[in-house]
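# Structure assessment
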Amino acid sequence: MNVTIESSWKSVLKDEFEKEYFVKLTGFIREEYRTTTVYPPAGLIFNAFNLCPFSSVKTVIIGQDPYHGPGQAHGLCFSVRDGIDFPPSLINIFKEIEQDIGITSPASGDLERWARQGVLLLNATLTVRAHLAGSHQKKGWEHFTDAVISRINSEKENIVFLLWGAYAQKKGEAIDRNRHLVLESVHPSPLSAYRGFFGNGHFSKCNKYLTEKGIQPIDWK
């Protein structure tokens with residue numbers, strides 16, 4: 001199956017694109033875009049991969065669903081386009097960055113600037129119906145993104161995985177802790193941020209690890 005995705009990812013994931021589940025998933029997604037409103041725009045489904053080639057990945061942040069409101073989702077977990085109000089979880093991420101490393105909250109919620117530095121902003125499910133959270137779960141995306149994590153785990157070294165909340169932690173439970181750094185805490189949602197997201201120090205810990213491994217750290221501004 002011909003999938004429009006950045007060339008290094010296309011090579012790494014080529015076997016996945018031929019599997020029965022992915023063929024079924026593709027059929028389902030095409031019909032959803034044809035008959036209803038789906039986010040992100042179809043051309044941005046693989047935006048996280050296109051902005052962060054396999055060879056460039058240093059850090060992985062795992063989200064769950066894309067945002068399901070108009071104009072929010074653009075293929076990067078937690079990120080929103082300029083001009084869109086910051087969602088509560090993103091506000092809390094920026095608060096923790098300020099507390100952790102002293103970078104004040106930026107004017108832009110568009111995290112493309114992180115992706116271009118090697119941060120794979122990966123949602124477990126890459127599409128969603130408008131205003132229906134979770135509507136594209138259990139259609140095959142989770143198998144695909146599990147395969148993405150598995151390839152990174154087995155074919156790269158010294159990657160920092162940021163796993164926020166029980167869902168992300170479960171998705172990352174097979175990651176080899178001897179090859180990579182896995183940082184876990186509660187989710188940055190307002191429902192849980194005060195129970196351990198604030199003060200987790202993940203951004204400074206990530207950069208300390210990368211620096212120790214001779215890898216350029218992330219500018220989190």
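Scoring rules and cut-offs
Residues numbered from 1 in each chain as written. Predicted model: local features only at pLDDT ≥ 70, side-chain atom pairs only at ≥ 80, totals over all residues. Heavy atoms only, no water. Axes fitted to C-alpha atoms, helices over the stretch in contact; angles between N-to-C directions. Helix = DSSP H or I, 4+ residues; strand = E, 2+ residues; numbered from the N terminus. Parallel < 35°, antiparallel > 145°, perpendicular 65-115°, else oblique. Contact = heavy atoms within 4.5 Å. Nonpolar A, V, L, I, M, F, W, Y, C, P; charged D, E, K, R; others polar. Salt bridge = Lys/Arg side-chain N within 4 Å of Asp/Glu carboxyl O. Buried < 20%, exposed > 50% of the residue type's maximum accessible area, 1.4 Å probe, protein only. Polar contact = N/O pair within 3.5 Å; in protein donor to acceptor, adjacent residues only side chain to side chain. Disulfide = S-S within 2.5 Å.

### A few points about the packing of helix 4 (residues 88-101) against helix 8 (residues 202-212)
Contact pair helix 4 / helix 8: the axes reach a minimum separation of 8 Å and the direction vectors enclose 60°. Between helix 4 and helix 8, the angle is such that the two are oblique. Facing helix 4, whose interface residues are Ile93, Glu96, Ile97, Asp100 and Ile101, helix 8 presents His202, Phe203 and Ser204. For the contact of helix 4 with helix 8, the per-class residue count stands at four nonpolar, two polar and two charged.

### Notes on the pattern of salt bridges
When the charged atoms of two side chains with opposite charge come close together, those side chains can pair. Applying the stated criterion to the full structure yields 13 salt bridges. For Arg116, the salt bridge identified is with Glu112, shortest N-O distance 3.4 Å. Here Lys171 makes a salt bridge to Asp146, at a shortest N to O gap of 2.6 Å. Of this pair, Lys171 sits in helix 7 (residues 166-171) while Asp146 is found in helix 6 (residues 141-155), placing the two residues 25 residues apart along the sequence. Taking relative accessible area as the criterion, Lys171 reaches 13% and is therefore assigned buried. Taken together, the shared-partner salt bridges in this structure form one network comprising Glu16, Lys19 and Arg151.

### Considering the environment of Asn123
You can see Asn123 is positioned in strand 3 (residues 119-123). Considering only alpha carbons, one finds Asn123 and Ala168, 45 residues apart in sequence, at a separation of 9.4 Å. Apart from the residues lying within four places of it in its own chain, the contact partners of Asn123 are Gly63, Gln64, Asp65, Pro66, Leu76, Cys77 and Thr145. A polar contact of 3.3 Å, which involves the side chain of Asn123, links it to the backbone nitrogen of Gln64.

### As for the state of the cysteines
Inspection of every chain in the model, using the stated rule, returns zero disulfides. Cysteine Cys77 remains unbridged, with the sulfur of Cys52 as its closest cysteine sulfur at 11 Å.

### Observations regarding the side chain of Ser185
Checked against the element boundaries, Ser185 lands in strand 6 (residues 181-185). Here Ser185 is in contact with Leu163, Trp164, Gly165, Gln169, Gly196, Phe197, Asn200 and His202, once residues within four sequence places are set aside.

From the geometry alone we can't say anything about function, so treat these as descriptive.
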